[in-house]
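# Structural overview
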Amino acid sequence: MPGPIQSVERAATILRLLGGAGRPLALAELAAALDLPRPTVHGIVRTLREEGLVDQDHASALYRLGSGLFTLATGWDRHDLRSRAMNWADALAGGTGCAVYLAVPDGAVAGVVHHVFRPDGSPQTLHTNTDHPLHATAWGKCLLAFAPVSTPAPRDLELRRYTGRTASTLGMLEAHLSAARARGMATDVGEFESGAGGAAVPLRSGGGLTVAALGIAAPVEELFGGGGEPRPTQADQLRAAGREISALLGTIR
Amino acid sequence: MSTSERVVAAIDQGTTSTRCLLFSRSGRMLAVAQREHRQHYPEPGRVEHDAEEIWRNVARVVPEALKRAGLGPENIVALGIANQRETTVIWNRHTGVPLARAITWQDTRTGPIVAGLVADGLTDLYSETSGFNPATYFAGPRLRWLLDHVPGAREGAEAGDVLFGTIESWLIWRLTRGVHVTDVTNASRTMLMDLRTLEWSPRLLEALDVPERMLPEIRSNAEVYGVCADVLPGVPVAGALGDQQAALVGQTCFAPGEVKCTYGTGAFLLKNTGPRIAGSAQGLIPTVGYLVGTEPVYALEGSIAMTGSLVQWFRDSLGMIDTAPQIETLAMTVPDNGGCYVVPAFSGLYAPHWRPGARGVIVGLTSYITRGHLARAVLEATAWQTREVVEAMNAESGIPVTRLKVDGGMTADHLLMQSVADVLDVPVERPLGSEAVSLGAAYVAGLAVGHWSDLEVLRANWHRAAMWRPDMASAVRERERENWARAVERSYDWVR
């Protein structure tokens, strides 16, 4: 049985120092407290910062605990998520002409946290706070594919057949999820509602964990090209918005 | 992005920060840059800004926004300004240096000056000419305070060496290196302008003893005031609006009866009243909505002092939540308010009650009440106060509000927006992009240079991003309205 991992021990000590100091600390103070060379300590705090567990003030270069620690026990609050994603969700709807959905894992369903109407003036109903099936929507499948720990195993889902295209067998669903992982994007080609399409990408918080899915929705023929792949212009905007929101989730509030 | 891109730049000079936003012809935001400025609190009740710091921030955020969009000054067809209203600056015409810090709209030092106007029996003169009764809220008394207290201010003003302006005047003067103008919406908040003629009123100037030669020329909201000599050399400065009027334009409330509400720290409802100047009953304020062309469009304004700031209090002073959005999470732990009501009369009650002696109350507490019920009651307080202002507006004109366009940070709160729809019993709509203030400034500037042909073209840029439909039984609404009214009564006359 090997002994404790030294760098993990040192990382834990740095977090305790930052938590107990009552003020932001300089690299030199951390190095002195640990009695280690500065480059060694710098390597550790830089890694912790990249994981969102430590935050560095731009102006003073001082270190403090990062926002990732506050959400460690509870995960992201869904209304904090909506608040952070809202501007980019609006921009995505404006840029693609699609409706936008933000969904989080909620037991055996995808909980819709935010919904932006398709900006075409047509009458629409707000779906915020409704539940969508995990296996039959783009955002649901995105959560299954990229957040396997926070969602049920596919074999435990009730694979209700909503349309002729729904992944209603375990084999079909597993194939869809593999394709989503390969593409970095889940799709719905009229699987929940006939003719209604969707595409979704994962939103990742500090450390790369998937906390939500960001999706766009439009008629299948508008969203997908001949080969059944999402049209590049819309897919690229969806990916870009996903990256921007993910970047906001990795920073301190 | 192609370098032939033609965009409009907007400066949103707000209470806490200065931002520059770039908008495409379809009204899409392309880039934003922001800088905060210091708040100075020299004494209780006094809040000041350094006008020079604000100018420096403008000079920084504009190039930052251009850089983010990958554009240069040659891509900007016009620059528009939306600003915090009623904040007062005086500066030296020759050196461009402010004589004192700007006195902001939250500052209440002019109480004795306003009381003096009332004691002199000038209330009717002001309400008939400027549209409202004297109050510390407006810029005119602040200018008088500066003339009385800043060494050299009065002599300089009388000699023509010292100039007055609200923030848009100050920024236009610096951008153009010497064009001294204001716009009708900002001028309508000085308490010095005749709301009918849209000119400085000699009688109101005399009553406050303000030398006319220090005042800027009053202009429409959409015209080329001058060309930038600094920051964006060669770009026309072509529009300015007070922030709330800017949101009215950004929300395209161009027809009489259309209403917008901006939910921020406080909330501001503005209703388009067309060519008609509304009465100022129940503490609502008639104001200029906008002047594009030659015919002014008036608006009726009602404000709510505490909306977002009540949530901040709930977060920072009570420590009930870690972030403002989490109030919705907490409120959703319970199905209703459990009989609990919060009346946030922290510094008295404004429109439509006007009870300065009121103080905040929490009523209906029982052992059943949890933090979740309090969170609900905090959000519902904003909804009921919105209804009170809307009811006062309906009573004033007889034309009821049939839908409410909303913007501002609190529109991210789904539960609150549903509550507003429920208690108003009208649909509540949020447009795509919550930057109505900046968009309004961009619109007037773009209109002035022909980038957009007319107001109606802009309507096509307004896209519904969300709509909350009323979903509350009328019996429940009536019961809750009555409970809220009883809670409000309990806040009255606490301060003796």
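Scoring rules and cut-offs
- Residues numbered from 1 in each chain as written.
- Chains lettered and ligands numbered in written order.
- Predicted model: local features only at pLDDT ≥ 70, side-chain atom pairs only at ≥ 80, totals over all residues.
- Helix = DSSP H or I, 4+ residues; strand = E, 2+ residues; numbered from the N terminus.
- Rg over C-alpha atoms; globule rule 2.2 N^0.38 Å.
- Buried ≥ 20, exposed ≤ 12 C-beta atoms within 10 Å, placed from the backbone.
- Contact = placed C-beta atoms within 7 Å.
- Pairing = 2+ DSSP bridges.
- Axes fitted to C-alpha atoms, helices over the stretch in contact; angles between N-to-C directions.
- Domains from an automatic or database assignment.
- Nonpolar A, V, L, I, M, F, W, Y, C, P; charged D, E, K, R; others polar.
- Core = buried A, V, L, I, M, F, W, Y, C linked by C-beta atoms within 7 Å.
- pLDDT = per-residue confidence, 0-100.
- Bend = angle between axes of the 7 residues up to and from the residue.
- Parallel < 35°, antiparallel > 145°, perpendicular 65-115°, else oblique.
- Left-handed = near helix turned anticlockwise from the far one by under 90°.

## Describing the overall build of chain B
What chain B contains, in helices and strands, is 16 helices and 23 strands. The globule rule puts the C-alpha radius of gyration for 496 residues at 23 Å, and the 22 Å found for chain B is close to it. In terms of overall dimensions, chain B has a C-alpha envelope of 65 × 60 × 40 Å along the principal axes. Relative to its full complement of 496 residues, chain B shows a buried share of 55%.

## Things to note about the overall build of chain A
Counting secondary structure elements, chain A contains 9 helices and 8 strands. Across its three principal axes, chain A shows a C-alpha extent of roughly 65 × 45 × 30 Å. Among the 253 residues that make up chain A, the fraction classed as buried is 43%. A sequence separation of at least 24 residues applies to 56% of the contacts in chain A between residues at least 6 apart.

## Topic: the sheet that holds strand β4 (residues 109-116) of chain A
Residue and element names in this part refer to chain A. The sheet built from 6 strands is open, its strands ordered β5-β4-β3-β8-β7-β6 with antiparallel pairing. A strand with exactly one partner marks an edge of an open sheet, and here the two such strands are β5 (131-133) and β6 (186-189). Strand after strand, the sheet turns through a mean of 30° between neighbouring axes, direction not considered. When strand β3 (residues 99-106) meets strand β8 (residues 210-219), the two strands line up antiparallel, connected through 5 bridges. From the neighbouring strand, Ala 103 faces β8, where its bridge partner is Ala 213. Relative to strand β7 (residues 196-204), helix α6 (residues 138-146) is tilted by about 35°, and along the sheet it contacts β3, β4, β5, β6, β7 and β8. Relative to the sheet, helix α9 (residues 232-249) contacts β7 and β8, its axis offset from that of β7 by approximately 30°.

## Regarding the domain arrangement of chain A
You can read the domains of chain A as domain 1 (6-70) and domain 2 (78-249). Of note, the centres of domain 1 of chain A and domain 2 of chain A, computed from C-alpha atoms alone, are 36 Å apart.

## Observations concerning the interface of chain B and chain A
Contact residues are listed per partner, giving 17 residues for chain B and 18 residues for chain A. Counting only elements with at least two residues in the side of chain B that touches chain A, the list comes to α11 (326-331) and β23 (464-468) of chain B.

## Digging into the environment of B:Leu379
All names here are of chain B. Note on placement: Leu 379 falls in helix α12 (residues 371-397). Along the sequence, Leu 379 and Gly 348 sit 31 residues apart, while their C-alpha atoms lie 19 Å from each other. With residues up to four places along the chain from it excluded, the contact list for Leu 379 reads Ile 327, Ala 331, Asp 413, Leu 415, Leu 416 and Ser 419.

## Remarks on the environment of B:Gly360
Residues and elements named next belong to chain B. With respect to the helices, strands and loops of the structure, Gly 360 is situated in the loop between β19 (341-343) and β20 (361-363). Among the residues examined, Gly 360 registers 18 C-beta atoms within 10 Å and is labelled partly exposed. With 61 residues separating them along the chain, Gly 360 and Ala 299 place their C-alpha atoms 30 Å apart. Leaving out residues up to four positions away in the same chain, Gly 360 has contacts with Val 343, Pro 344, Ala 345, Phe 346 and Ser 491.

## Some details on the domain arrangement of chain B
Partitioning chain B into structural domains gives domain 1 (7-243) and domain 2 (251-431 + 463-496). A class-by-class count of the residues in the side of domain 1 of chain B that touches domain 2 of chain B yields 6 nonpolar, 6 polar and 1 charged.

## Side note on the nonpolar core
With 217 residues, the main nonpolar core has A:Ala103, A:Cys142, B:Leu79 and B:Val378 as its most contacted residues. The greatest single-element share of this core, amounting to 11 residues, is contributed by α12(B). The contacts of A:Ala103, once residues within four sequence positions are left out, are A:Ala110, A:Gly111, A:Val112, A:Val113, A:His132, A:Trp139, A:Gly140, A:Leu143, A:Ala212, A:Ala213 and A:Gly215. Grouped together as the second largest cluster of nonpolar side chains are 9 residues, A:Leu30, A:Leu48, A:Leu53 and A:Tyr63 included.

## A few points about the pairing of β8(A)
Residues in a regular strand point their side chains to alternate faces of the sheet. Residue and element names in this part refer to chain A. Counting buried residues in β8 gives 9 out of 10 residues, a clear majority hidden from the surface. When β7 meets β8, the two strands line up antiparallel, connected through 9 bridges. Bridge pairing in β8 places Val 201 opposite Leu 214.

## What to know about the confidence of the model for chain B
Across chain B, the average pLDDT comes to 93, with 99% of residues at 70 or higher. The complex model carries a pTM of 0.87, and its ipTM stands at 0.85.

## Section: helix α5 (residues 78-96) of chain A
Residue and element names in this part refer to chain A. Of all the bends in α5, the largest measures some 50° and sits at Ala 85. Extensive coverage of α5 is indicated by the burial of 17 of its 19 residues. Gly 97 sits one or two positions beyond α5 and adopts a positive phi of about 75°.

## Observations regarding unusual backbone geometry
Of note, the phi angle at A:Ala61 is positive, near 65°, even though the residue is not glycine. With a phi angle near 75°, B:Met191 is a residue other than glycine that sits in the positive phi range. Among the secondary structure elements, B:Met191 is positioned in the loop between α7 (184-187) and β10 (193-194).

## Some thoughts on the sheet that holds strand β13 (residues 222-227) of chain B
Strand pairs in the sheet, formed through backbone hydrogen bonds, run parallel or antiparallel to each other. Residues and elements named next belong to chain B. Pairing in this open sheet of 6 strands is mixed, and the strands run β3-β2-β1-β5-β14-β13 from one edge to the other. Strands at the two margins of the open sheet, each flanked by one partner only, are β3 (29-36) and β13. The mean inter-strand angle of the sheet, taken between neighbouring strand axes irrespective of direction, is 25°. Bridging between strand β1 (residues 7-13) and strand β2 (residues 17-23) involves 6 bridges; their strand directions are antiparallel. Each bridged residue has a counterpart across the sheet, and for Ile 11 the counterpart in β2 is Cys 20. Of the strands in this sheet, β1, β2 and β3 are in contact with helix α1 (residues 51-69), which crosses β3 at around 150°.

## Points about the packing of helix α2 (residues 27-34) of chain A against helix α3 (residues 38-50) of chain A
Residue and element names in this part refer to chain A. Contact geometry of α2 with α3 gives a least axis separation of 9 Å together with a crossing angle of 110°. By the criterion of interaxial angle, the relationship of α2 to α3 is roughly perpendicular. Crossing hand, α2 versus α3: right-handed. Where α2 abuts α3, its residues Leu 27, Ala 28, Leu 30, Ala 31 and Leu 34 lie against Arg 38, Val 41, His 42 and Val 45.

## Observations concerning the packing of helix α1 (residues 6-20) of chain A against α2(A)
Residues and elements named next belong to chain A. Viewed as axis vectors pointing N to C, α1 and α2 meet at an angle of 120°, and their least axial separation amounts to 11 Å. The angle between the axes of α1 and α2 places the two elements in the oblique class. When the axes of α1 and α2 are compared, the crossing they make is right-handed. In this structure, α1 contributes Arg 10, Thr 13, Ile 14 and Leu 17 to the contact, and α2 contributes Leu 30, Ala 33 and Leu 34. Of the residues assigned to the contact of α1 with α2, the class counts are 5 nonpolar, 1 polar and 1 charged.

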